[in-house]
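So you can see what is in the structure, the chains are spelled out below.
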Amino acid sequence: GVGFTTRRTMDFKGQKLAERMYQVILVIAGIIAFLTGYLSGSFDTMSYVFTCGVIVAVILCVPDWNYFNQHPVKWLPIDEDHPDWETKYKPQMEAKGGAKGRKQESKKKR
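Residues numbered from 1 in each chain as written. Predicted model: local features only at pLDDT ≥ 70, side-chain atom pairs only at ≥ 80, totals over all residues. Heavy atoms only, no water.

## As for helix H1 (residues 12-40)
Put simply, the rule is: Each helix is a run of H or I in the DSSP string that is no shorter than four residues. Each strand is a run of E no shorter than two, and both are numbered from the N terminus. One less than the number of residues in a helix, times 1.5 Å, gives the span that helix is expected to have. Partly exposed residues are those whose accessible area sits between 20% and 50% of the maximum for their type, while under 20% is buried and over 50% is exposed, using a 1.4 Å probe and protein chains only. Residue contacts are defined here by distance: any two heavy atoms, one from each residue, within 4.5 Å place the two residues in contact. Distance and chemistry together define a polar contact, namely a pair of N or O atoms within 3.5 Å, with one atom able to donate a hydrogen and the other to accept it when in protein, and with adjacent residues in sequence counting only for side-chain atoms on both sides.
Over its 29 residues, H1 runs 42 Å from end to end, which matches the ideal 42 Å to within 8%, given 1.5 Å per residue. Considered for burial, the residues of H1 that qualify are Gly14, Ala18, Ile25, Ala29, Ala33 and Gly37. Residues of H1 that are buried sit in contact with helix H2 (43-61). The N-cap of H1, judged by a side-chain oxygen 3.2 Å from the amide nitrogen of Lys13 a few residues on, is Asp11. Just downstream of H1 lies Gly41, where phi reads positive at about 70°.

## What to know about the confidence of the model for the protein
What counts is decided by this rule: For every residue, the pLDDT score states the predictor's confidence, bounded by 0 at the bottom and 100 at the top.
Looking at the protein as a whole, the pLDDT averages 81, with 71% of positions reaching at least 70. Summarising per-element confidence for the protein, the mean pLDDT is lowest in helix H4 (residues 98-109) (54) and highest in H2 (97).

## Things to note about H2
Test applied: What the arc measures is the spread of directions leading from the helix axis to the C-beta atoms.
For H2, with 19 residues, the first-to-last C-alpha span of 27 Å sits near the 27 Å given by 1.5 Å per residue. Within H2, the full set of buried residues consists of Gly53, Ala57 and Cys61. The buried residues of H2 all sit within an arc of 50° when viewed along its axis, so they share a single face. More than 90 degrees from the buried face of H2, the exposed residues found are Asp44 and Tyr48. Taken together, the buried residues of H2 touch H1. The N-terminus of H2 is capped by Ser42, whose side-chain oxygen sits 3.4 Å from the backbone nitrogen of Asp44.

Written out as structure tokens, the structure is:
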């Protein structure tokens, strides 16, 4: 059969890189589109060049390429000093009434 590997998702630095690349590509595409449209005197040419720039930006920045996964997030293990939500905080919230109790109180005040 085909072996499946764990899929890595885009990390925080990869998100920042993708956003910056998208912005830079769109600005450059806008400048080139304006210049070509101005020099040719054609709004259609300007729109076509800018649309090509948007397509290039989407192809380079939207998929989760490997170069966006260079700094994976390393989560800390759960230990006794740092319990997770399910074992410590959720039971405390439920005992206090949690969000449901606050909603009911605010309805009673009206």
